[in-house]
Amino acid sequence: MTLLSPEVIAVLMLDGILFFFASLAFLLSLRIVLRWDERATTPLQYTLQKQAYLVATVIAFIFYLKLPLFLFFIYTLDLLSNILPGAMCAAGVTTATVYGMPLFGLKIANLYLFGLWLAAHRIDMGYPTMPYTRVKFLAYLLIFPLFVVEEALELLHFFGINPHVIVSCCGTLFSAAKSSAVSAFVSLPLPVTLGTFYGLFGLAVWAWRKQRPLLSALANLLFVPVAILSLIAFFSTYVYEMPHHHCPFCLLQADYRFVGYLMYAFLFFGTFFGMAAWLAKRMGYEGWRKWLLFSVIGDFLYVALVSYYPIAFYLKNGVWL
Amino acid sequence: MQKEGLNMVEVKGVSKVFNAGRPNEMTALEDVSFAVGEGELVILKGPSGSGKSTLLSLIAALQKPTRGEVVVASEPVSRFSEDFAALYRRRKIGFVFQKFNLIPSLSVYENIITPLLPEKLDEEALKERAQRVMETFAIAHKANEPARNLSGGEQQRTAIARALVNDPPIILADEPTANLDADLSHAFLSYVGQMKEEGKTVIIATHDPLFFDLAITDREIALRNGKMEGA
Amino acid sequence: MKNLFAFALGSLLRRGAKNLFIFVIFFLMVFVLASVFMVTHALKKEMFTTLSALPQITVQRIVAGRQTQIGVERAERIARILGVSQALPRVWGFYYFPRAGVNYSIVGLESFGQQYRADLQKAADLYVEKLAAEDVMIVGPGVKKSLAEHFYPESFLFVKPDGSLKKVRIAGVFKPQTVLESNDLILMENSLVREIFGMDESMATDIVVRVPNKEEIPTVARKIREIYPDTRVITREDLRISYQNVFDYKSGIFLALFIVAVFTFFIILYDKASGLSSEEKREIGILKALGWKIGDIMRVKFFEAAVISLTAYLLAVTAAVAYVFMAQAPLLKHLFTGFSVLKPPFALPFTVDVGTLALIFFVTVPVYIAATLIPSWKAATLDADEVIR
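Scope of this entry: the structure provided in the associated data block. Every chain's residues receive numbers from 1 upward, in the order its sequence appears when written. Both sets of labels track the order of writing: A upward for chains, 1 upward for ligands. Local features in this predicted model are restricted to residues of pLDDT 70 or higher, and side-chain atom pairs are both shown and tallied only at a pLDDT of 80 or more, whereas totals for entire chains, interfaces and linings draw on every residue. Neither water nor hydrogens contribute to the side-chain values; these are computed over all heavy atoms in the structure.

Concerning the sheet that holds strand S3 (residues 41–45) of chain B
Residues and elements named next belong to chain B.
Stage number 1. A pair of strands is treated as paired once DSSP finds two or more bridges between them. To qualify as a helix, a DSSP run of H or I must reach at least 4 residues; to qualify as a strand, a run of E must reach at least 2; elements of each kind are numbered from the N terminus. What the six strands build is an open sheet, ordered S5-S6-S7-S3-S8-S9; its pairing is mixed. In this open sheet, the two edge strands, each paired with only one partner strand, are strand S5 (93–96) and strand S9 (227–228).
Stage number 2. Here four bridges tie S5 to strand S6 (residues 170–174), and the two strands are oriented parallel to one another. Counted as the bridge partner of isoleucine 93 is isoleucine 170 from S6.
Stage number 3. Note on definitions: a residue-residue contact is assigned when non-hydrogen atoms from the two residues lie within 4.5 Å. Between N-to-C directions, angles span 0 to 180 degrees; the directions come from axes that are lines fitted to C-alpha atoms, helices contributing only their stretch in contact. Running over the sheet, helix H2 (residues 82–92) touches S5 and S6 and is turned about 80° from S5.
Stage number 4. Against the sheet, helix H6 (residues 182–197) engages S3, S5, S6 and strand S7 (201–206), with an angle of about 155° to S7.

Quick word on unusual backbone geometry
All names here are of chain B.
Stage number 1. For aspartate 31, which is not glycine, the phi dihedral falls at a positive 50°.
Stage number 2. For aspartate 31, the location among the structural elements is in strand S2 (residues 26–37).
Stage number 3. Residue class for aspartate 31 comes out exposed when judged on its relative accessible area of 54%.
Stage number 4. Positive phi values are uncommon outside glycine, yet alanine 73 reaches one of about 50°.
Stage number 5. Tracing the chain through its elements places alanine 73 in the loop between strand S4 (67–72) and H2.
Stage number 6. Exposure classes here rest on a 1.4 Å probe applied to the protein chains alone. A residue is buried below 20% of its type maximum, exposed above 50%, and partly exposed in between. Judged by its relative accessible area of 24%, alanine 73 falls in the partly exposed class.

Considering the sheet that holds strand S7 (residues 136–139) of chain C
Residues and elements named next belong to chain C.
Stage number 1. Pairing is mixed across the open sheet formed by six strands, whose spatial order is S5-S6-S10-S7-S9-S8. One side of each edge strand has no neighbouring strand; the edge strands of this open sheet are strand S5 (92–97) and strand S8 (155–159). Strand-to-strand, the axes of this sheet are offset by a mean angle of 35°, without reference to chain direction.
Stage number 2. Inspection of the sheet shows S8 paired to strand S9 (residues 165–173) by five bridges, in the antiparallel sense. Paired with valine 159 across the two strands is leucine 165, which belongs to S9.
Stage number 3. Across the face of the sheet, helix H5 (residues 141–149) comes into contact with S5, strand S6 (102–109), S7, S8, S9 and strand S10 (185–189) while running at roughly 115° to S7.
Stage number 4. Against the sheet, helix H7 (residues 190–197) contacts S5, S6, S7, S8, S9 and S10, and its axis sits at roughly 110° relative to S10.

Quick notes on the pairing of S5(C)
A regular strand places its side chains so that they alternate between the two faces of the sheet.
Stage number 1. Here S5(C) shows one buried face, formed by Gly93(C), Tyr95(C) and Phe97(C), and one open face, formed by Trp92(C), Phe94(C) and Tyr96(C).
Stage number 2. Between S5(C) and the antiparallel strand that follows it, S6(C), lie four residues; Gly101(C) among them carries a positive phi value of about 70°.

Some remarks on the interface of chain B and chain C
Stage number 1. Facing the 30 residues of chain B at the interface are 22 residues of chain C.
Stage number 2. For the pairing of chain B and chain C, the buried interface totals around 2500 Å² over both sides, and the portion due to carbon and sulfur atoms is 58%.
Stage number 3. What gets called buried area is simply the loss in accessible area from a 1.4 Å probe that two parts show on being joined, summed for both. Counting the surface chain B buries against chain C, the share from its top three residues, Asn101(B), Ile103(B) and Leu117(B), is 20%.
Stage number 4. In the sections that follow, a salt bridge refers to a side-chain nitrogen of Lys or Arg positioned within 4 Å of a carboxyl oxygen of Asp or Glu. The tally of links between chain B and chain C comes to one salt bridge.
Stage number 5. Here a polar contact is recorded for every N or O atom pair within 3.5 Å, except that within protein the pair must consist of a potential hydrogen donor and a potential acceptor, and residues adjacent in sequence are included only if both atoms are side-chain atoms. At the boundary of chain B with chain C, the tally comes to eight residue pairs in polar contact (both at pLDDT 80 or more).
Stage number 6. For the side of chain B that touches chain C, the elements supplying multiple residues, two or more each, are helix H1 (52–59) and H2 of chain B.
Stage number 7. Looking at which element gives the most residues to the side of chain B that touches chain C, the answer is H2(B), with six residues.
Stage number 8. Note on residue categories: nonpolar means Ala, Val, Leu, Ile, Met, Phe, Trp, Tyr, Cys or Pro, charged means Asp, Glu, Lys or Arg, and polar means any other residue, Gly included. Classifying every residue of the side of chain B that touches chain C by side-chain character gives 15 nonpolar, eight polar and seven charged.

Some remarks on the nonpolar core
Stage number 1. In this text, buried Ala, Val, Leu, Ile, Met, Phe, Trp, Tyr and Cys residues form a nonpolar core when linked through side-chain atoms within 4.5 Å. Grouped together as the largest cluster of nonpolar side chains are 255 residues, with contacts concentrated most on Met263(A), Tyr302(A), Phe34(B) and Phe266(C).
Stage number 2. Broken down by element, this core gets its largest block of residues, 21 residues, from helix H2 (residues 43–80) of chain A.
Stage number 3. Excluding residues that lie within four positions of it along the chain, Met263(A) makes contacts with Leu231(A), Val239(A), Leu251(A), Tyr302(A), Leu305(A), Val306(A) and Tyr309(A).

Here we look at the pattern of salt bridges
Stage number 1. Scanning all chains against the criterion turns up 30 salt bridges over all chains.
Stage number 2. In this structure, the salt-bridge partner of Glu229(B) is Arg224(B), at a minimum N-O distance of 2.6 Å.
Stage number 3. Between Glu134(C) and Arg169(C) there is a salt bridge, with the nearest N and O atoms lying 3.5 Å from each other. Of this pair, Glu134(C) sits in the loop between helix H4 (118–133) and S7 while Arg169(C) sits in strand S9, placing them 35 residues apart in sequence.
Stage number 4. One connected set of salt bridges, linked through shared partners, spans Arg90(B), Arg91(B), Glu119(B), Asp296(C) and Arg299(C).

Overview of a nonpolar patch on the surface
All names here are of chain A.
Stage number 1. Residues Leu214, Leu218, Leu221 and Trp278 make up a contiguous nonpolar surface patch of roughly 380 Å² in combined accessible area.
Stage number 2. For the nonpolar patch, the leading source of residues is helix H9 (residues 213–240), giving three residues.
Stage number 3. Relative to the helices and strands, tryptophan 278 is located in helix H10 (residues 259–282). Candidate patch residues must exceed 30% relative accessible area and have no salt bridge, after which like charges are joined if within 9 Å and Val, Leu, Ile, Met, Phe, Trp or Tyr side chains if within 5 Å. Note on areas: Shrake-Rupley, 1.4 Å probe, and residue coverage restricted to the protein chains presented here.

So, the environment of Tyr53(A)
Stage number 1. In this fold, Tyr53(A) is placed in helix H2.
Stage number 2. Using a relative accessible area of 7% as the deciding quantity, one classes Tyr53(A) as buried.
Stage number 3. Between the C-alpha atom of Tyr53(A) and that of His157(A), which follows or precedes it by 104 residues, the distance is 34 Å.
Stage number 4. Dropping the residues within four chain positions of it, Tyr53(A) is found in contact with Met125(A), Glu82(B), Asp83(B), Ile294(C) and Trp377(C).

Concerning the interface of chain C and chain A
Where interface size is given, it is often the accessible area lost as the parts come together that is meant.
Stage number 1. Tallying the contact residues gives 31 residues for chain C and 25 residues for chain A.
Stage number 2. By the criterion of area lost to chain A, the three top residues of chain C are Phe362(C), Leu373(C) and Trp377(C), representing 24% of everything that side buries.
Stage number 3. Counting the contacts that link chain C with chain A gives one salt bridge.
Stage number 4. Taking the shortest distance from any N to any O, the salt bridge between Asp383(C) and Lys50(A) comes out at 3.3 Å.
Stage number 5. Remark: the boundary between chain C and chain A carries three residue pairs in polar contact (both at pLDDT 80 or more).

Some details on the packing of helix H2 (residues 16–52) of chain C against helix H13 (residues 354–380) of chain C
Residue and element names in this part refer to chain C.
Stage number 1. The geometry of H2 relative to H13 is characterised by a closest axis approach of 10 Å and an angle of 155° between their N-to-C directions. The angle between H2 and H13 places the two elements in the roughly antiparallel class. The two elements H2 and H13 meet at a crossing, and its hand is right-handed. Judged by residue contacts, Ile22, Phe26, Val30, Leu33, Ala34, Phe37, Met38 and His41 of H2 engage Thr356, Leu357, Leu359, Ile360, Val363, Thr364, Val365 and Tyr368 from H13.
Stage number 2. Class assignment of the residues belonging to the contact of H2 with H13 gives a composition of 13 nonpolar, three polar and no charged. Angle categories: roughly parallel below 35 degrees, roughly antiparallel above 145, roughly perpendicular from 65 to 115, and oblique for all the rest. Crossings are classed by handedness, with left-handed meaning an anticlockwise turn of the near helix from the far one by less than a right angle and right-handed meaning a clockwise turn.

Here is the structure:
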């Protein structure tokens, strides 16, 4: 193994622990899905009820560890960019193997899925007979393979990085000249990009005003990629104050006062509750109105924060980049 | 002697079989049915092993019946999930255990507030509620004494105070006088009278003859080998 | 929640002996790990400070696989490559002093000429008159000390390759920016260095090249290799990456070993946490009968684990900072730097970064909490009905 950095070892070890727990939860869930009978008073049913607590606890542990670990993972990639020739930030390290980009996407998706699962579990626990038990654990059976794929991609990625091969830096990765989906978005006319971005935000706010959780969930679901792509295409250049520096990772570095962490936290918070509110309403949980409000607050904070940079730049310099 | 109006506790055709289908299968209760009205005092009597304790734990939703149903204040508590059963115990049930079951390393005050800890109460509210029951049962002067240093009578009063701190409508007592001398047993009886006056529904499982044929008792239910006598 | 937290704290104190044992071991583990990482991090920083003073490109001549002297005329040819702003021949080497058993690094300066390093330039400017006029040297503090110990307080007699002696006076003590590299340093005029080492006027030890635009370094390096195929061209970037790799490798191996130890500990711990005493079992039964949910009990158990691991973590990290930076890591420092005689007197620069703290956190606290998950679930799902019979 060419990259025996302590950070990589730490990430891999924690992955190992998470994998152990996730597999345990999977086996128990499988049994619960197959054998659960809420009317039964057999010892098996008692055991299953107790094991359901273990599964929920384990999934909560995975989620609450995955959240900070995701940040640590990015930090690790940032560190690796020091030893990979060409890489200036995590972006270069991510693209050092073909697995990097899918790994990132899957990591984000899994955070949402584990979070939504926990939200559903919380709601279900609010009913005397836990009516969603079987559905809930069935859902976990479907999430688990995604988790396994994520772990596998992570192993392939870390072991696949070759420190002697020169990788691209974010400057070329996200430039309009390159032909990738990201670059295609970067090269879209600015009014289209910003129109989609602010339009979706407006839609989310409207869904909150009209108390329409399904609309809010859809708007927020689309808002995640659109927000990240518009950050790459437009807003990040104002954070860096460099017209050709499009990068979603350099934001996380000390040079920019770690502002990226705050941005992504707001974005996750807002979009997560936007989707969770719909789930809550579907499950008959009254708290969904509150969650919808959380979502709008999170989305608003994100939009306000990213919009601050170009506006401040314009006010200071009187021109746009 | 059943009062008019709402039944507080309804036990409907309840059976409890342990280790069903195994060689050591044991039927603890068989087809037990009765109802307890609000504010009633009911004595469950019978020799040890007759199923009294099992019946209490079914009413407290600590266990689930193999057949039948327990309904408390119109709610099917025997079908509750573990969490709801716990919530139900916390809000509706005051438990006085055999041997009191205090936590020896905690003080009297700490023992008394344990049922309230999972609730969202601030320190003031906790103190106020504990103070009230400690004064009622004359244990306030020992508030900071670890439970292991208490005399039998003090332990008894602490246990009763703990059972009443959440102001539950139902009191369940399991052999409350099994380890008490005659004086303390009579003292307990007077506390029971006090509870009844406050309108609590009280169910006492005991084989102590002291509780038989009391004037304040609304009903006696006799169990033998898991079956109701005379049923 | 606040009440449950208070209950958990009380519960930790009530079972003081058992928890103290766990606390102490956990504290020691975090302390060792934190100390090692802080020492390596500080050494790495020291090394990189040194590194940043190195020339961007160094050109050496290789004959039969060994480095040898390089002709000074090559510097002029290299200076004509596009993008190169300066190419200077360097004259330097190691001088072994048998009585003290140490190697001194002798570095030559071109009087009135340009130096490749800002600090050397400063020293040269300061002593230029003296260095040009007579046979003098400027020495690092370590050299000054070791010479004085062997009765050379004012000057030193160098033994030339032909066996004759050369007396050189100490003109001053060099105050370097980082001590690690410069402690054993001796600065002299180029011609004096050549005389001591017996080198020809037209030869130098190596050639250092300055390239203002960082992006052009690889191209320049390639061109030099093409013009002089018998040379080895080393860029600063190559060195930095190989240093980084060595450090990562060392601390990586350490961490791998450490993790084995952590897991052993947590398996023991798991075993200990699983075996509940009958008193604890009864207590949980009472709590459940009194209306505590399974989640309430697990929360208390989680608080207990979190309080133990977080306080141990915070205290151990603080203790490690004191040990490494205030006490200068006795024992541990030599493990990483070796027992070289002239190298010791350098201070570990104070560097504690969020990343290192996060790394230490991630390999200890979540692992501990993970180890307590299943035991606390087992405890919380004990049957409560046993307390009422």
